[in-house]
Amino acid sequence: MPALRTALLQSSGELGDVAANLKILDEAAGRAAAAGAGLLLAPELFLTGYAIGADIARLAEPADGPSARAVAAIAVRHGLAVGYGYPERDTEQHGVLYNSAQLIGADGVPLAQYRKTHLFGDFELTWFTPGDRPVVQAEFAGLTVGMMICYDVEFPENVRAHALAGTDLLLVPTALMHPAEVVPLSVVPVRAFENQLYIAYANRTGPEKEFEFVGLSTLAGPDGTARARAGRGEDLVLGDVDPAFLAASREENPYLRDRRPGLYGSLV
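Note that this is a predicted model, so its numbers are computed, not measured.

**Student:** What exactly am I supposed to notice about the pattern of salt bridges here?
**Tutor:** Where charged atoms of side chains with opposite charge meet at close range, the side chains can pair. Under the definition given, this model contains 13 salt bridges. R227 is the salt-bridge partner of D223, the closest N and O atoms lying 2.9 Å from each other. Relative accessible area serves as the criterion here: at 31%, D223 is assigned to the partly exposed category. On the accessibility criterion, R227 (32% relative accessible area) is partly exposed. One continuous salt-bridge network, built from bridges that share partners, spans E44, K116 and E124.

**Student:** Even after reading the chapter, I still don't get the nonpolar core, so can you show me in this structure?
**Tutor:** Soluble globular proteins tend to bury their nonpolar side chains together. Core analysis: the largest hydrophobic core is formed by 43 residues, its most contacted members being L39, L103, V153, L169, L171 and I199. Ranked by size, the runner-up nonpolar core spans 39 residues in total, among them L25, F46, I52 and L80.

**Student:** Explain helix α1 (residues 18–34) here, please?
**Tutor:** Taking 1.5 Å as the rise per residue, α1 with 17 residues should run 24 Å; its terminal C-alpha atoms sit 24 Å apart, in good agreement. Inspection of α1 places V18, A20, N21, L22, L25, A28, A29 and A32 among the buried residues, and these make up the whole buried set. With its phi angle positive at about 90°, G36 sits one or two positions after the end of α1.

**Student:** Looking at this structure, how should I read the sheet that holds strand β1 (residues 4–10)?
**Tutor:** Backbone hydrogen bonds hold the strands of a sheet together, and the pairing may be parallel or antiparallel. Here six strands make up an open sheet; going across it, the order is β5-β4-β3-β2-β1-β14 and the pairing mixed. The sheet is open, and its two edges are formed by β5 (110–115) and β14 (235–241), each paired on a single side. Within this sheet the neighbouring strands show an average axis-to-axis angle of 30°, counted without direction. Relative to strand β4 (residues 96–104), strand β3 (residues 81–90) runs antiparallel, the two being bridged by nine bridges. From the neighbouring strand, G83 faces β4, where its bridge partner is L103. Each of β3 and β4 touches helix α3 (residues 66–78); the most contacted strand, β4, lies at about 15° to it.

**Student:** I'm lost on a nonpolar patch on the surface in this one. Help?
**Tutor:** There is a patch of nonpolar side chains on the surface, built from L263, Y264, L267 and V268 and spanning about 480 Å² of accessible area. Assignment of secondary structure puts Y264 in the segment after α8 (255–258). The partly exposed category is assigned to Y264, whose relative accessible area is 36%.

**Student:** Can you walk me through unusual backbone geometry in this structure?
**Tutor:** Negative phi values dominate among residues other than glycine, just as trans dominates among peptide bonds. Residues H178 and P179 are joined by a peptide bond in cis, for which omega reads 10°. Positionally, P179 belongs in the loop between β8 (169–173) and α6 (182–195). One non-glycine residue, A141, lies in the positive phi region at around 55°. Structurally, A141 can be placed in the loop between β6 (136–140) and β7 (143–147). Given a relative accessible area of 41%, A141 falls into the partly exposed group. If you check the backbone angles, L216 has positive phi at about 60° while not being a glycine. Of the residues examined, L216 reaches a relative accessible area of 8% and is grouped as buried.

**Student:** Looking at this structure, how should I read the sheet that holds strand β12 (residues 218–220)?
**Tutor:** The six strands lie next to each other as β6-β7-β8-β9-β12-β13, forming an open sheet whose pairing is mixed. If you trace the sheet from one side to the other, it starts and ends with β6 and β13 (226–229), each paired once. Taken over all neighbouring pairs, the strand axes of this sheet differ in orientation by 20° on average, direction set aside. Where β12 meets β13, three bridges bridge the pair, whose relative direction is antiparallel. Bridge pairing links A220 to A226 in β13.

**Student:** So what exactly am I meant to see when it comes to the packing of α1 against α3 here?
**Tutor:** Packed helices, taken two at a time, are described by the angle between their axes plus the distance between the axes. Relative orientation of the contacting elements α1 and α3 amounts to 20°, with a least axis distance of 9 Å. Classified by the interaxial angle, the pair formed by α1 and α3 is roughly parallel. Considering how the two elements wind past one another, α1 and α3 form a crossing that is right-handed. Residues V18, L22, L25, D26, A29, G30 and A33 of α1 pack against S67, A70, V71, I74, R77 and H78 of α3. For the contact of α1 with α3, a count of residues per class yields eight nonpolar, three polar and two charged.

Rules behind the numbers
Residues numbered from 1 in each chain as written. Predicted model: local features only at pLDDT ≥ 70, side-chain atom pairs only at ≥ 80, totals over all residues. Heavy atoms only, no water. Salt bridge = Lys/Arg side-chain N within 4 Å of Asp/Glu carboxyl O. Buried < 20%, exposed > 50% of the residue type's maximum accessible area, 1.4 Å probe, protein only. Core = buried A, V, L, I, M, F, W, Y, C linked by side-chain atoms within 4.5 Å. Helix = DSSP H or I, 4+ residues; strand = E, 2+ residues; numbered from the N terminus. Expected span 1.5 Å × (residues − 1). Pairing = 2+ DSSP bridges. Axes fitted to C-alpha atoms, helices over the stretch in contact; angles between N-to-C directions. Contact = heavy atoms within 4.5 Å. Patch = residues over 30% accessible without salt bridge, like charges linked within 9 Å, V, L, I, M, F, W, Y side chains within 5 Å. Areas by Shrake-Rupley, 256 points an atom, 1.4 Å probe, with all protein chains shown as cover. Parallel < 35°, antiparallel > 145°, perpendicular 65-115°, else oblique. Left-handed = near helix turned anticlockwise from the far one by under 90°. Nonpolar A, V, L, I, M, F, W, Y, C, P; charged D, E, K, R; others polar.

Set out below in structure tokens:
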């Protein structure tokens, strides 16, 4: 099975301007596809910007709304899957809002839809309802692909649940702020190692009202190394998710085989 070249878009886009951010995503998808990527991941709340405050209620869309259709057209145009973050309005729950991420296949068909389960900070806690499905997966390019968002990956139980469910590549759209640089530099590679999977962690960058995003987007491998890492500014970085290397690493690493779940009841 060939490796899946994965592109991480590190950008904060244009605050509150969905059309401009779709244009940025389209341009990045073109560059990623030209470099051989089969999947592009954009950051948390990429379509709207993060520091949008009360505008969240105006900018939020259903999972199958006009922006999702625009992203599907981008995926088809460039022949690659696209994962991205956006504010979701659930029309079946009287307008409840979620901090969501979606993966759309290269054929324009939605593959996975995830709602952030661990909300962070006053902005998110004020406007969003937490999701209740910790493991959301899709099959793509011969891999089992999982999704979560930013703060979710900092909970070891969350990532272990994906490992036990067979996730090979975990997509994490992110809006990580200063001074939490330890997360992409240390936590994400350790999560990949201890759970024997790849993690694609795509962050925002630079100042956005009261927030300061740190960049450092990372594709971490099951050996705990960064296969690709961005700097602090706008960037598009690429790395390979290699199924053969993953299988060999899982064979050598005994963590999941040597677990003793009967001892861990106190965790729940």
